[in-house]
Amino acid sequence: MIYDERIEQMSRAEMRELQLERLKYMVAYAYDNVPFYKKKYDEAGVKPSHIKTLKDIEKLPFVTKTDLRDNYPYGFLSVPLSEISRIHASSGTSGKPTVVAYTAEDMEIWTECVARLVVAAGGRKDDIVQICFGYGLFTGALGLHQGWERIGAAVIPASTGNTERQIMLMKDLQTTAIVSTPSYALRIAEEMERLGYKPEDFKLRVGLFGSEASSEEMHAEIARKLHLLPTDNYGLSELIGPGVSGECEHKCGMHINEDHFYSEILDHATLTPASDGEYGELVLTALTKKSMPMIRYRTKDITKIDYTPCVCGRTTARMAKLKGRTDDMLIIKGVNVFPSQIEGVLLTFKEIGASYEIVVTREDYKDKLEVKVELADDSIVGDYGALEDLSRRIRSALKTVLQIDVKLTIVDHMSLTRYDGKAKRVIDLRKY
Ligand code: DLL
């Protein structure tokens, strides 16, 4: 089932035409209504009239998180505050949050974008959906809530935490779909096991996960433990929140809502277009956002894009699962290491659970990478031969993928920290 056939099955030429028309409008609109853009474009010597083709977007300067921070809280607004109907914020790693605002029209577009992705993921009107994202300034909970509501599903705004109660609700209210971070989905699965439940005790069939990175292996683990079809969903507050892209039931890349978001993949080092189909930094332009124009926003997320039509019948471009972020790529002894590569290896070992921690230290000017993993159960606790053999196999698999030696620490079942929201996997203790 396709929510909006006209858009989601548009030919590439028509989509390009629509994007160009919207881009021209948006660049002129931002230039005329947001002093930040006028100043930046004047300094760079570009005028809205220079945008004649989609490729001309490359003439425009980028917007970064720092620009948003420098213009905190309302410097990017292009409409008076009286036109704003919703305000969200994304928690920054330090200092003030990034504030994002929506006009009534932006809210409508946001809802439609999420509704499309919900349907693509297999969500239907008769679903009972439990939203296990934190309600509040975070865009995840309300964003998904609105989209599911739009397709007519019954929405349970459960929020995060109190996992035992979540499970009770899931059983009693006959929840068929859940929305959460992938790590919280696994936390729910663990708690179900601990409480003695089996997947058959529930009616779950669909899971929309997102807001943090997850490997194919992690999705397979979620599918196995919860008996549902998991899909990956991507978005970011600065552009809209959830609703930028999401996987369909075929799980072969996240369909981008291209009529609202124009995407570029840039070579991280040169900031010029990456070759077709190559990984690079995703730069996004909101083509329709009225309240806060966002043109060429550097997401720091690393992905690649496939423009071929999907077997599901949609023609919208698909972005690959994120490889990581340019700022979470670890450089260990000169080698680039992404946490997602480590996760991919760990999840192939059924003797260990899905939670892990990566600790980076520097001793005597040498980087050291430690990976802490957890036993999946208590069956080999105390069996030093089995533990040693497991440790050797995991280290060797990590070395094959990462090309560096890793210190591996195996800890007891359920002893690593669990997260309700985005999981924190990397602890970098190096002082620069
Ligand atoms: O996380 C929006 C969202 C909510 C998306 C719910 C999907 C579901 P922020 O809090 O602003 O917004 O964080 C955005 O999270 O730049 C990525 O680095 C990361 N991220 C989001 N979705 C994914 C994903 C929401 N599916 C930042 N895979 C982004 C990997 C993701 N990383």
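Calculation criteria
Residues numbered from 1 in each chain as written. Predicted model: local features only at pLDDT ≥ 70, side-chain atom pairs only at ≥ 80, totals over all residues. Heavy atoms only, no water. Helix = DSSP H or I, 4+ residues; strand = E, 2+ residues; numbered from the N terminus. Rg over C-alpha atoms; globule rule 2.2 N^0.38 Å. Buried < 20%, exposed > 50% of the residue type's maximum accessible area, 1.4 Å probe, protein only. Contact = heavy atoms within 4.5 Å. Domains from an automatic or database assignment. Buried area = accessible area lost by both parts, 1.4 Å probe. Salt bridge = Lys/Arg side-chain N within 4 Å of Asp/Glu carboxyl O. Polar contact = N/O pair within 3.5 Å; in protein donor to acceptor, adjacent residues only side chain to side chain. Nonpolar A, V, L, I, M, F, W, Y, C, P; charged D, E, K, R; others polar. Near = heavy atom within 4 Å. Areas by Shrake-Rupley, 256 points an atom, 1.4 Å probe, with all protein chains shown as cover. Pairing = 2+ DSSP bridges. Right-handed = clockwise from strand over helix to strand, strands pointing away. Core = buried A, V, L, I, M, F, W, Y, C linked by side-chain atoms within 4.5 Å. Phe/Tyr/Trp six-rings, centres within 6.5 Å; stacked < 30°, edge-to-face > 60°. Lys NZ or Arg CZ within 6 Å of the ring centre and 35° of its normal.

### Things to note about the overall build of the protein chain
- A count of helical and extended segments in the protein chain gives eleven helices and 21 strands.
- Relative to its length of 432 residues, the protein chain is compact, with a C-alpha radius of gyration of 22 Å against a globular reference of 22 Å.
- Taken across its 432 residues, the protein chain has 55% of its residues classed as buried.
- Pairs at least 24 residues apart make up 67% of the contacts formed inside the protein chain by residues separated by at least 6 positions.

### Details of the domain arrangement of the protein chain
- Considered domain by domain, the protein chain is made up of domain 1 (1-325) and domain 2 (330-428).
- The C-alpha-based centres of domain 1 and domain 2 are spaced at 30 Å.
- Listed as interface residues are 19 residues of domain 1 and, on the opposing side, 16 residues of domain 2.
- Interface of domain 1 and domain 2: buried area, both sides summed, is about 1,500 Å²; carbon and sulfur atoms make up 57% of it.
- Sorting the residues of domain 1 by area buried against domain 2 places Glu190, Glu217 and Lys323 first, and these three jointly supply 29% of that buried surface.
- On the surface where domain 1 and domain 2 come into contact, there are one salt bridge.
- A salt bridge links Glu190 to Arg418; its shortest N-O distance comes to 2.7 Å.
- One can count six residue pairs in polar contact (both at pLDDT 80 or more) joining domain 1 with domain 2.
- Broken down by secondary-structure element, the contributors of at least two residues to the side of domain 1 that touches domain 2 are α8 (182-194), α9 (216-226) and β15 (324-325).
- Among the elements that line the side of domain 1 that touches domain 2, the one with the most residues is α8, at five residues.
- Across the side of domain 1 that touches domain 2, the residue classes tally to five nonpolar, eight polar and six charged.

### Describing the site of the ligand
- Taken together, 21 residues lie near the ligand, and Ser211, Asp232, Asn233, Ser237 and Asp301 sit nearest.
- Within the side chain of Ser211, an N or O atom sits 2.8 Å from an oxygen atom of the ligand.
- Between the ligand and Arg325, the relevant distance is 3.2 Å, taken from an oxygen atom to a side-chain nitrogen or oxygen of the residue.
- Here the ligand, which alone exposes 620 Å², has 91% of that area covered by the protein.

### Digging into the sheet that holds strand β12 (residues 297-303)
- Taking strand neighbours across the sheet as the criterion, the four strands line up as β10-β11-β12-β15 in an open arrangement whose pairing is antiparallel. With partners counted over all chains shown, the strands left at the sheet margins are β10 (261-266) and β15, one partner each.
- Both strand β11 (residues 280-286) and β12 contribute to a ladder of four bridges, which runs antiparallel. Directly across from Val283, in β12, lies its bridge partner Arg298.

### Topic: the pairing of strand β20 (residues 407-411)
- Relative to β20, strand β19 (residues 366-375) is paired through five bridges, and the arrangement is parallel. When the sheet's bridge partners are listed, Glu374 is paired in β20 with Val411.
- Following the backbone out of β19, through helix α11 (residues 384-402) and into the adjacent parallel β20, one traces a crossover that is right-handed.

### Digging into the nonpolar core
- With 70 residues, the main nonpolar core has Tyr37, Trp148 and Met294 as its most contacted residues.
- Ranked by residues supplied to this core, first place goes to helix α5 (residues 104-120) with eight residues.
- The contact partners of Trp148, leaving out residues within four places of it in the chain, are Val118, Gly123, Arg124, Asp127, Val129, Ile131, Ala153, Val155, Ala177, Val179 and Leu208.
- Ranked by size, the runner-up nonpolar core spans 25 residues in total, among them Val360, Leu375, Leu390 and Val406.

### Digging into the packing of aromatic side chains
- As enumerated under the stated definition, the model contains eight aromatic pairs in all.
- When the ring of Phe133 is compared with that of Phe138, the centres are 5.4 Å apart and the planes differ by 75°; the resulting orientation is edge-to-face.
- We classify Phe138 as partly exposed; its relative accessible area is 28%.
- Feature note: the residues Phe36, Tyr37, Tyr41 and Phe76 constitute an aromatic cluster, connected by ring pairs.
- The ring of Tyr102 has Lys289 sitting right over it, with the charged end atom 4.5 Å from the ring centre.
- Above the plane of the ring of Tyr29 lies Lys290, whose end atom (NZ or CZ) is 5.7 Å from the centre.

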